[in-house]
Amino acid sequence: MLEVRRLVKVFQQPKKKKKGADASAADPRERGRSFHAVDGVTFEAPGGKITGLLGPNGAGKTTLLRVISTSLQPTSGQVMVDGRDVAADPLAVRQRLGFLSGNTGLYGRLTPRELMRYFGDLHGMDAETLDARINDLAGTLGMQTYLDKRCDALSTGMKQKVNIGRTLVHDPEVIVFDEPTTGLDVPAAENILALVEQCREEGKTVILSTHHMHEVERICDHIVMIHEGKLRFTGSVAQMREVSGCDTLDKAFLALMDAEVIDAA
Amino acid sequence: MPRKASGGLGAVYRKEILEVSRDRKTLVFMLVLPLVLIPLLLQVMVDFVAEANKKAATETLTYALVGEEHLPGLSEALDGVGGFERVEIDSVEAIPAKLKAEELKFALVVPEPLGESQQSIVELHYDNASMTSKVKARTADVLKEFGEGVRAERLTALGIRTFSDQSAIIAPVVMVERGTASMREKLGENLGGILPYMVIPFCFLGALYPAIDLGAGEKERGTLETLLLAPVSRLRLVLGKYLVVFTSGLVSATLSLVAIGGWFAIEGPKLAGELSEITASIGAVDLALVWLMLVPTTAMFAAILLSISIYAKSFKEAQSFAAPFNMLCILPAVAAMLPGVELNWKWALVPVSNIALAIKELIKGTMDYSMLGVILASSSVVAGVLLVFCTRWFSRESVLFRQ
């Protein structure tokens, strides 16, 4: 379970040069030297469901996910991950959270096994549990053949699997997938989606941030849409079509981008 | 999950050391460079100096002699010792051109003396710009011996016959030098001045690549964000990384010292005269103390380099940021070599310069050990402050997620 309440994240900007003055007037998120990247967003992502996080580029998705994952501090508002406050108890949140981003890299000079062991160690897992878990994940993800090769030598698809293994090694309750299929071919992307669904079967709370509407239609139970730092829509896929009056999700997306907050749920 | 108090730090350290040890570029800088470059540098330097000296002392010197009729026996004296070859010239005016063309190494001109049994003047014409030239010394040796022969003859003619009577007339009072500066001090001033140039850069170089890899490298590969999501405090993450950078720098600096010590142990006894004595007089304790000086030096460099690296967005940026800091290890060491700069309480507080000065004193064998304590303490404080800065730096969103 993930709860986000009136979350605000403000960045301080360096002083603008003169020529940028026009552009700043056009962006409602800029107030003086403050930039409101996330501006009062509230939603819930229940366990055992996949919540799709939608929004155009620069909507504030990455900032929102960084606050959820404790790498950025909230300016105000509250985020609870599995009952733990990100601001008050970030270490406990990190214990319960798995985060996978499409552009996450690997340590090229380590093998997948060493890499997963490193993150298991960082999570304070004991050696026995960790080794069992790594073998488990290697089986599920089909990594046995390259478990002891250097990550540098692996293909993009293999690397993505290693990344998944790294994300799940500590068996997190809440898992965030940030554009996990970007740049992957069809089989590799299918693998990821299957895994996202499997996490749902296991009762985990899954957040999926993506630009691919077909992925949203196929697997998301629940949608959260933001634009320019503000919440635009929450509800199911069916509700998104209904509310916008559009037959495809792409059109619905465009129609709702500038909507006032619609809470269909 | 219960965690140990040190949780995470050890995991970071072990993993980063493993990665560093698998990086060829880092290994070259950290291990190969000090172990190969330093002995090579020393060997080339010593060989070059020895070769130049040997050549100057043994090469055949071509010379011209004008006015030999004014000083009978001089020509024979020059022929009597080896290594001189006479060249005939027409006139005194031809000397400068012939010296320039190196047809002559030197020329002796004897003007007409004022009268019988008067003092004779011998002019030496030669290129006095050459530093390694032994022309003056070798000619002076011959003239001195020749002059002494003439003197003995004249004294004998005056009735002063024995050698001791003659000595008592020539030099009734002789000063014998008993200087306080030992040979080790004199030569140590030079050798000790060079040593910091050899070891201090390796504190920097050894730490450079690991620092870039562990900070900017994590950003460039896109692994930093994932690492920050591990349930380990940022303080422990950065300390783990810092210790790896520090270890690498210290390994490199230690190896450079081992290379120097090893080279002198093997080659030292073969060196000419005083240099071999001084290398023999530098003991293991002195080298151990020099090493001790390198510990806080490396600690400072590691903190600076890691801070730069964390700030940079890529390897490239980190490298260009780090380049000016090269000066940081060279310039203070240069200051220590300047004439008039000596280790005192003020210099003992200047970072890096104090280390270079202390190394010099240790090699000279004139270290004031209370000063040593001050230097270690002040350097450790500076290193500590830099480390605190580095850890704070690592906790700032604007540094970690710099756009």
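Parameters at a glance
- Residues numbered from 1 in each chain as written.
- Chains lettered and ligands numbered in written order.
- Predicted model: local features only at pLDDT ≥ 70, side-chain atom pairs only at ≥ 80, totals over all residues.
- Heavy atoms only, no water.
- Helix = DSSP H or I, 4+ residues; strand = E, 2+ residues; numbered from the N terminus.
- Rg over C-alpha atoms; globule rule 2.2 N^0.38 Å.
- Contact = heavy atoms within 4.5 Å.
- Areas by Shrake-Rupley, 256 points an atom, 1.4 Å probe, with all protein chains shown as cover.
- Lys, Arg positive; Asp, Glu negative; His and termini not counted.
- Charge placed at Lys NZ, Arg CZ, Asp CG, Glu CD.
- Buried < 20%, exposed > 50% of the residue type's maximum accessible area, 1.4 Å probe, protein only.
- Pairing = 2+ DSSP bridges.
- Axes fitted to C-alpha atoms, helices over the stretch in contact; angles between N-to-C directions.
- Polar contact = N/O pair within 3.5 Å; in protein donor to acceptor, adjacent residues only side chain to side chain.
- Domains from an automatic or database assignment.
- Arc of directions from axis to C-beta.
- Salt bridge = Lys/Arg side-chain N within 4 Å of Asp/Glu carboxyl O.
- Buried area = accessible area lost by both parts, 1.4 Å probe.
- Nonpolar A, V, L, I, M, F, W, Y, C, P; charged D, E, K, R; others polar.
- Right-handed = clockwise from strand over helix to strand, strands pointing away.
- Parallel < 35°, antiparallel > 145°, perpendicular 65-115°, else oblique.
- Expected span 1.5 Å × (residues − 1).

What about the overall build of chain B?
Stage number 1. Of regular secondary structure, chain B possesses 17 helices and 4 strands.
Stage number 2. By the compact-globule yardstick of 22 Å for 403 residues, chain B is too spread out, its C-alpha radius of gyration being 31 Å.
Stage number 3. Expressed as lengths along the three principal axes of its C-alpha atoms, the size of chain B is roughly 110 × 45 × 35 Å.
Stage number 4. Contacts in chain B between residues at least 24 apart in sequence constitute 74% of all its contacts with a sequence separation of at least 6.
Stage number 5. Within the structure as shown, chain B displays about 20900 Å² of accessible surface, and the carbon and sulfur contribution to it stands at 63%.
Stage number 6. Chain B carries 37 positive and 41 negative side-chain charges, and their two centres are separated by 17 Å.

What about the environment of V20 of chain B?
All names here are of chain B.
Stage number 1. You can see V20 is positioned in helix α1 (residues 9–21).
Stage number 2. Of the residues examined, V20 reaches a relative accessible area of 5% and is grouped as buried.
Stage number 3. Distance from V20 to S248, taken between C-alpha atoms, is 8.6 Å for residues 228 residues apart in sequence.
Stage number 4. With residues up to four places along the chain from it excluded, the contact list for V20 reads T26, L27, P210, L214, V244 and S248.

Quick word on the sheet that holds strand β3 (residues 106–109) of chain B
Residues and elements named next belong to chain B.
Stage number 1. If you trace the 4 strands from one edge of the open sheet to the other, you get β2-β1-β3-β4, paired in mixed fashion. Because the sheet does not close on itself, it has two edges, and the strands there are β2 (84–86) and β4 (123–126). Neighbour-to-neighbour, the strand axes of this sheet turn through a mean angle of 30°, independent of strand direction.
Stage number 2. Inspection of the sheet shows strand β1 (residues 61–66) paired to β3 by 4 bridges, in the parallel sense.

With respect to the side chain of E361 of chain B
Residue and element names in this part refer to chain B.
Stage number 1. Relative to the helices and strands, E361 is located in helix α15 (residues 353–364).
Stage number 2. Of note is the side chain of E361, whose polar atom sits 2.8 Å from the side chain of T366.
Stage number 3. Look past the residues within four positions of E361 in its chain and what remains in contact with it is L343, T366 and M367.

Concerning the domain arrangement of chain B
Stage number 1. Each assigned domain of chain B is listed here: domain 1 (5–47 + 183–400) and domain 2 (60–170).
Stage number 2. In this structure, domain 1 of chain B and domain 2 of chain B have C-alpha centres spaced 56 Å apart.

A look at helix α13 (residues 315–322) of chain B
Stage number 1. Within α13 of chain B, the full set of buried residues consists of E317, A318 and A322 of chain B. The arc that holds every buried residue of α13 of chain B, seen down its axis, measures 130°, which confines them to one face.

Side note on the pattern of salt bridges
Oppositely charged side chains are able to pair whenever their charged atoms sit close together.
Stage number 1. Summed over the entire model, instances satisfying the criterion amount to 30 salt bridges over all chains.
Stage number 2. A salt bridge links R5 of chain A to E3 of chain A; its shortest N-O distance comes to 2.7 Å.
Stage number 3. The exposure class assigned to R5 of chain A is partly exposed, which follows from its relative accessible area of 32%.
Stage number 4. With a relative accessible area of 14%, E3 of chain A lands in the buried category.
Stage number 5. Residues E218 of chain B and K241 of chain B are paired through a salt bridge, measuring 2.7 Å at the closest nitrogen-oxygen approach. Here E218 of chain B is found in helix α8 (residues 216–221), whereas its partner K241 of chain B is found in helix α10 (residues 234–267), with 23 residues between them in sequence. With respect to burial, E218 of chain B and K241 of chain B carry one shared label: buried.

Digging into the sheet that holds strand β8 (residues 174–178) of chain A
All names here are of chain A.
Stage number 1. One open sheet accounts for 7 strands, arranged β7-β8-β9-β4-β10-β11-β12; its pairing is mixed. The sheet is open, and its two edges are formed by β7 (97–101) and β12 (262–263), each paired on a single side.
Stage number 2. The pairing of strand β11 (residues 230–235) with β12 spans 2 bridges and is parallel. What sits directly across from T234, in β12, is D263.
Stage number 3. This element, helix α2 (residues 61–68), spans β4 (50–54), β7, β8, β9 (205–209) and β10 (222–227) of the sheet and lies at about 135° to β4.
Stage number 4. Lying on the sheet, helix α7 (residues 186–201) is in contact with β4, β8 and β9; it crosses β8 at an angle near 160°.

Thoughts on the interface of chain A and chain B
Stage number 1. With 30 residues of chain A in contact, the opposing surface of chain B contributes 30 residues.
Stage number 2. Taken together, both faces of the contact between chain A and chain B bury some 2800 Å²; the carbon and sulfur share is 55%.
Stage number 3. Summed over the three residues of chain A that lose the most area to chain B, namely Y107, R109 and L122 of chain A, the buried surface amounts to 27% of that side.
Stage number 4. On the surface where chain A and chain B come into contact, there are 4 salt bridges.
Stage number 5. Ionic pairing is found between E114 of chain A and R22 of chain B, a salt bridge with its closest N-O pair at 2.7 Å.
Stage number 6. For the pair chain A and chain B, the interface holds 12 residue pairs in polar contact (both at pLDDT 80 or more).
Stage number 7. Listed by contribution, the elements that provide at least two residues to the side of chain A that touches chain B are α3 (90–95) and α4 (112–122) of chain A.
Stage number 8. Partitioning the side of chain A that touches chain B into residue classes produces 10 nonpolar, 12 polar and 8 charged.

With respect to the pairing of β9 of chain A
Residues and elements named next belong to chain A.
Stage number 1. Summarising burial for β9: 5 of the 5 residues are buried, a large majority.
Stage number 2. The alternating pattern of β9 places T205, I207 and S209 and V206 and L208 on opposite faces, both of which are buried.
Stage number 3. Taken together, the 4 bridges between β4 and β9 define a ladder with parallel strand orientation. Bridging from a neighbouring strand, G52 pairs with L208 of β9.
Stage number 4. In this structure, β8 lies alongside β9, joined through 5 bridges in parallel fashion. In the sheet register, V174 faces β9, and the bridge partner there is T205.
Stage number 5. For the crossover that starts at β8, traverses α7 and ends in the parallel β9, the hand is right-handed.

Let's talk about the packing of helix α12 (residues 284–311) of chain B against α15 of chain B
All names here are of chain B.
Stage number 1. The geometry of α12 relative to α15 is characterised by a closest axis approach of 10 Å and an angle of 175° between their N-to-C directions. In terms of axis orientation, α12 runs roughly antiparallel to α15. Residues D286, L289, V290, M293, L294 and T297 of α12 lie in contact with α15, whose contacting residues are I355, A358, I359 and L362.
Stage number 2. Partitioned by chemical class, the residues of the contact of α12 with α15 number 8 nonpolar, 1 polar and 1 charged.

Considerations on the environment of S233 of chain B
Residues and elements named next belong to chain B.
Stage number 1. The topology assignment puts S233 in the loop between α9 (224–228) and α10.
Stage number 2. Given the relative accessible area of 24%, S233 is considered partly exposed.
Stage number 3. Sequence-wise, S233 and S395 are 162 residues apart; in three dimensions their C-alpha atoms are separated by 9.4 Å.

Details of helix α5 (residues 135–157) of chain B
Stage number 1. The terminal C-alpha atoms of α5 of chain B lie 33 Å apart, and with 23 residues this matches the ideal 33 Å at 1.5 Å per residue to within 8%.
Stage number 2. Just past α5 of chain B, the residue G159 of chain B takes up positive phi, approximately 95°.

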